[in-house]
Amino acid sequence: MTTINKVGIISPGSYAADNPRQGLEDTLELFQLAEELGYQAAGIRQRHLEHGSSSALTFLAAATQRTERIRLESNVVPLGYENPFRLAEDFATVAALAGGRLTVGISTSAPHSDLLREVSRPDTSPYTDPYELIERFLKAISGYEPDSQPLATPYGAAHRPIISPYLPDLIHDVWLGAGSDRSAVWAAQHGLAISLGNLTNAVGDKGFEESQKARIDLYRSEYQGEGSPRVAVERVLLPLDSASSHQREHYKEFAAERLPRTAKPQGERRTAIQSDLLGSSEEIIDRLAGDPSFDGETELRISLPYAFERAEYEQIIGDIAEHILPALGWSPLEATIPSGKQRTHDLEVAGV
């Protein structure tokens, strides 16, 4: 029997162009709902030139103050626009706020770089190897310490220069978005976890699911890190069980519009795309149970569509948690009481 033990959601952080605050607030409350439902993780995308989250870490900093147990993720931050050292500082700051609940998701890409050239750094080059950027980022997040004398500061005694805040375990929570064999092998050889979307470079004449499974197998065979290799894959799930008639029509139109792109690999990279999992809970359970990527170890990330209504997101993740995941062996994240609230809770239980 197919089992899926760890599950998270991935939100695009969509908002109306004239009211971004409301959309981002709705997403923060969706993270809170995901925690209440027992999901193990909640991630935010980072996209550019769209009406969705363009700053994953800024959003996650806010999410650390609105959640207590759920793991927070960036899915993913493209390194092509970033200074590796500064990005490492930002991740470390959010990780400190999250109290060990942050997953550092990065990718090698620089989306829309041709459109953003005039507002990007003038000294960047399209010929820079993105894997060199990742190596520099990993070096920084691992506690890079320049070979220099103690550094004088304006507020105290001199101290050794090191990335700050420095969290020694953060390097173990880095995930690389891996849609190609090169990125999967690179991540494996550097001991990183990988995150795979609902599109992937086709392997030979294989379809989406077979290509993705082949990439997962390749990654695991090449893995050289400590502990076990970790893999998470995205799927778009659109359960109809408790959906209203309006929501049902919307979901069906959404899936039908996207279906033609799944018929064959797209573009020069022969990108294979999975069709959305639309239907009753039973139908979606059957699809997931037959998906070769899920072998008891692979984690699931539920990819939420762009520009849906808040009520639709709530219905989707609610139905999935109630009707679909338990049939696949999933158990929700147990509620815990933060230490700062324990005494208040004890008094309430005692009737004081």
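Please read these numbers as outputs of a predicted model, since none were measured by experiment.

A.B. asks: Can you explain the overall build of the protein chain? Please cite residues and give values.
C.D. replies: Within the protein chain, the regular secondary structure consists of 10 helices and 15 strands. Whereas a compact globule of 352 residues would reach a radius of gyration of roughly 20 Å, the protein chain reaches 21 Å, a difference of no more than 12%. Considering only residue pairs separated by 6 or more positions, the protein chain has 74% of its internal contacts joining residues 24 or more positions apart. Carbon together with sulfur atoms contributes 50% to the accessible area of the protein chain, which is approximately 17800 Å² in total. With 33 positive and 51 negative side-chain charges, the protein chain shows a spacing of 3 Å between the two charge centroids.

A.B. asks: Quick one: what's the story with the confidence of the model for the protein chain, residue by residue and with numbers?
C.D. replies: Looking at the protein chain, the pLDDT average stands at 90 and 94% of residues meet or exceed 70. Low pLDDT (under 50) marks residues 336–352, which in the prediction has six contacts with non-local residues, meaning those over four places away or in another chain.

A.B. asks: Break down the nonpolar core for me, with residues and values.
C.D. replies: Nonpolar side chains in soluble globular proteins generally cluster together in the buried interior. Ranked by size, the top nonpolar core spans 78 residues in total, and within it Tyr39, Phe91, Leu102, Val104, Ile106 and Phe137 carry the most contacts. The contact partners of Val104, leaving out residues within four places of it in the chain, are Ser74, Phe91, Phe137, Ile141, Leu170, Asp173, Val174 and Trp175.

A.B. asks: Just give me the short version of the packing of aromatic side chains, but keep the residues and values in it.
C.D. replies: Tallied over the entire structure, the rule returns eight aromatic pairs. Ring centres 5.2 Å apart and planes at 75° place the aromatic pair Phe31 and Phe59 in the edge-to-face group. A residue pair is termed long-range when its members are at least 10 positions apart, and Phe31 in helix 1 (residues 20–37) and Phe59 in helix 2 (residues 56–64) qualify at 28 residues. In this structure, Phe31 and Phe59 share a single accessibility class: buried. Among the aromatic side chains, those forming a connected cluster through ring pairs are Tyr251, Phe254, Phe308 and Tyr313.

A.B. asks: Describe the pairing of strand 1 (residues 7–11), listing the residues and the values that go with them.
C.D. replies: Most of strand 1 sits inside the fold, with five of its five residues counted as buried. With burial as the criterion, each face of strand 1 is covered, one bearing Val7, Ile9 and Ser11 and the other bearing Gly8 and Ile10. Across four bridges, the pairing between strand 1 and strand 15 (residues 299–303) is parallel. Each bridged residue has a counterpart across the sheet, and for Ile9 the counterpart in strand 15 is Ile302. With helix 1 bridging strand 1 and the parallel strand 2 (residues 41–44), this β-α-β connection has right-handed handedness.

A.B. asks: Just give me the short version of empty space enclosed by the protein, but keep the residues and values in it.
C.D. replies: Considering all chains together, one arrives at one cavity of 30 Å³ or more under this definition. For the largest cavity, the calculated volume is near 60 Å³. If you go around the largest cavity, the residues you meet are Glu73, Ser74, Asn75, Val76, Thr103, Gly105, Trp175, Ser195, Ala232 and Arg301. Residue assignment for the lining of the largest cavity shows that the elements contributing at least two residues are strand 3 (71–74) and strand 5 (102–107). Of the residues belonging to the lining of the largest cavity, the class tally is three nonpolar, five polar and two charged.

A.B. asks: I'd like a description of the environment of Ser183, backed by residues and values.
C.D. replies: Relative to the elements of secondary structure, Ser183 occurs in helix 5 (residues 181–189). Classification of Ser183 by relative accessible area gives buried; the value is 3%. Once the C-alpha coordinates of Ser183 and Ala96 are considered, the two residues, 87 residues apart in sequence, prove to be 28 Å apart. Apart from residues no more than four positions distant in its own chain, Ser183 is found in contact with Tyr131, Leu176, Gly177 and Ala178.

A.B. asks: Tell me what's going on with unusual backbone geometry, and back it up with residues and numbers.
C.D. replies: Geometrically, the link from Asn75 to Val76 is a cis peptide bond, its omega value of -15° lying close to zero. Considering the arrangement of structural elements, one finds Val76 in the loop between strand 3 and strand 4 (77–78). Looking along the chain, the bond that leaves Ser164 and enters Pro165 is cis, with omega of -5°. As for its position among the elements, Pro165 is in the loop between strand 7 (156–159) and strand 8 (174–177). Phi is positive for Arg270, close to 50°, though the residue is something other than glycine. Mapped onto the elements, Arg270 comes out in the loop between helix 7 (245–258) and strand 13 (271–273). The exposure class assigned to Arg270 is partly exposed, which follows from its relative accessible area of 34%.

So, how was this worked out
- Residues numbered from 1 in each chain as written.
- Predicted model: local features only at pLDDT ≥ 70, side-chain atom pairs only at ≥ 80, totals over all residues.
- Heavy atoms only, no water.
- Helix = DSSP H or I, 4+ residues; strand = E, 2+ residues; numbered from the N terminus.
- Rg over C-alpha atoms; globule rule 2.2 N^0.38 Å.
- Contact = heavy atoms within 4.5 Å.
- Areas by Shrake-Rupley, 256 points an atom, 1.4 Å probe, with all protein chains shown as cover.
- Lys, Arg positive; Asp, Glu negative; His and termini not counted.
- Charge placed at Lys NZ, Arg CZ, Asp CG, Glu CD.
- pLDDT = per-residue confidence, 0-100.
- Core = buried A, V, L, I, M, F, W, Y, C linked by side-chain atoms within 4.5 Å.
- Buried < 20%, exposed > 50% of the residue type's maximum accessible area, 1.4 Å probe, protein only.
- Phe/Tyr/Trp six-rings, centres within 6.5 Å; stacked < 30°, edge-to-face > 60°.
- Pairing = 2+ DSSP bridges.
- Right-handed = clockwise from strand over helix to strand, strands pointing away.
- 1 Å grid on protein atoms, 1.4 Å probe; cavity = no way out; pocket = protein on both sides within 12 Å on 5 of 7 lines; lining within 4 Å.
- Points joined across faces, edges and corners; volume = space filled by probe spheres on them.
- Nonpolar A, V, L, I, M, F, W, Y, C, P; charged D, E, K, R; others polar.

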